[in-house]
Amino acid sequence: MRLPKAGTIEIAPSILSADFARLADEIAVVESAGVNMVHLDVMDGHFVPNITIGPVVVEKLRKCSSSVFDCHLMISEPAEYAERFVEAGADHITFHIEAAKGPEKLIDKLHELGCTAGICLNPATEVKTIEQVGPLCDMVLVMTVHPGFGAQAFMPEAAEKVVRVREIVGPDVRVEVDGGINSETVPIVVGYGADTLVAGNAIFAKTDRIAAINAIRDSCR
Ligand code: DX5
Ligand code: ZN
């Protein structure tokens, strides 16, 4: 699957808050609600103080899902590992500007590998750091919490950066938000120009995941 062209609102459930013993089933449920993008949070215990999944898990999930796999690499050496995630089945790879040594080179490499590329900014990182590379990407991810954990409170001042990011990248690059996204915060970020909405806790902490996705969808209108 390819990252959908900019111009539509997409919900990307983050499986970080899903039941890790039943990941394939959890993905199947959100797909039954019409979702076709899944956000996979990769953490290395170094760039962020938490450890999650690696390429072996992505590879197994790939066999169970035809959704776009939106892999968010919260790792210190994205250039070392990006290709392994593409081989495992990632469709889109986002890496952090704070960790990237040669972001342009990695964006080119991802494109050569047939993968779309994204750059991510932490709440404390200024938008000017991605002025050059943002327009080279297919999607820019604005963190609306400090990365590392699900279920944190939305940071309104971090979300405001979406406005400037959208000005920099124009209408053809997706702008994604991640952290504390729910039906209350969606109207704010969509108003700022975000079109790709990552939600973990707002979906997987609910018994009825489908109703949770529909509530987020309704809040976009
Ligand atoms: C946090 C991750 C997020 C996380 C979002 O570091 O990048 O994708 O799952 O979780 P919620 O939606 O619960 O804030
Ligand atoms: Zn994420």
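This text follows the structure it describes.
What comes next concerns the included structure.

Rules behind the numbers
- Residues numbered from 1 in each chain as written.
- Chains lettered and ligands numbered in written order.
- Predicted model: local features only at pLDDT ≥ 70, side-chain atom pairs only at ≥ 80, totals over all residues.
- Heavy atoms only, no water.
- Helix = DSSP H or I, 4+ residues; strand = E, 2+ residues; numbered from the N terminus.
- Polar contact = N/O pair within 3.5 Å; in protein donor to acceptor, adjacent residues only side chain to side chain.
- Contact = heavy atoms within 4.5 Å.
- Core = buried A, V, L, I, M, F, W, Y, C linked by side-chain atoms within 4.5 Å.
- Buried < 20%, exposed > 50% of the residue type's maximum accessible area, 1.4 Å probe, protein only.
- Phe/Tyr/Trp six-rings, centres within 6.5 Å; stacked < 30°, edge-to-face > 60°.
- Lys NZ or Arg CZ within 6 Å of the ring centre and 35° of its normal.
- Pairing = 2+ DSSP bridges.
- Right-handed = clockwise from strand over helix to strand, strands pointing away.
- Donors = N, O, S within 2.8 Å, 3.2 Å for Na, K, Ca; no water.
- Tetrahedral: all angles 85-135°; square planar, octahedral: opposite > 155°, others 65-115°.

Quick look at the side chain of Thr144
- Looking at where Thr144 falls in the secondary structure, it is placed in the loop between strand S6 (139–143) and helix H5 (156–159).
- A distance of 2.7 Å separates a polar atom in the side chain of Thr144 from the backbone oxygen of Gly179.
- With near-sequence residues (within four places) excluded, Thr144 lies in contact with Ala153, Phe154, Met155, Ala158, Ala159, Val177, Asp178, Gly179 and Ile181.

Focus: the nonpolar core
- Grouped together as the largest cluster of nonpolar side chains are 60 residues, with contacts concentrated most on Ile15, Leu40, Ile93 and Leu110.
- Not counting residues up to four positions away in its chain, the partners in contact with Leu40 are Ile15, Ile53, Val58, Leu61, Phe69, Asp70, Cys71 and His72.
- Counting residues in hydrophobic clusters, the runner-up holds six residues, among them Leu3, Ala12, Val68 and Met139.

Quick word on the packing of aromatic side chains
- For the coordinates displayed, the defined rule picks out zero aromatic pairs.
- If you follow Arg62 out to its NZ or CZ, it ends over the ring of Phe69, 3.8 Å from the centre.

Side note on the pairing of strand S7 (residues 174–178)
- Counting buried positions over the five residues of S7 gives five, a clear majority of the element.
- Side chains Arg174, Glu176 and Asp178 of S7 all project onto a buried face; the interleaved residues Val175 and Val177 project onto the opposite face, where all are buried too.
- Here five bridges tie S6 to S7, and the two strands are oriented parallel to one another. Residue pairing across strands places Val142 opposite Val177, the latter belonging to S7.
- Sheet analysis places S7 next to strand S8 (residues 196–199), joined by three bridges and oriented parallel. In the sheet register, Glu176 faces S8, and the bridge partner there is Thr196.
- The parallel pair S7 and S8, bridged by helix H7 (residues 186–192), forms a crossover whose chirality is right-handed.

Re the environment of Glu184
- Locating Glu184 in the fold gives a position in the loop between S7 and H7.
- Spatially, the C-alpha atom of Glu184 lies 11 Å from that of Arg217, the residues being 33 residues apart in sequence.

Notes on the coordination of the zinc ion (ligand 2)
- Within the protein, the zinc ion (ligand 2) binds to His39 (NE2), Asp41 (OD), His72 (ND1) and Asp178 (OD); these donor distances fall in the range 2.0 to 2.3 Å.
- If you look at the zinc ion (ligand 2), its six donor atoms make angles of 71 to 170 degrees with each other, and the shape they trace is octahedral.
- Each donor residue of the zinc ion (ligand 2) belongs to the same chain, and together they define the spacing H-x1-D-x30-H-x105-D. Here His39 is found in strand S2 (residues 37–43), whereas its partner His72 is found in strand S3 (residues 68–74), with 33 residues between them in sequence. For the pair His39 and His72, a shared accessibility class is recorded, and that class is buried.

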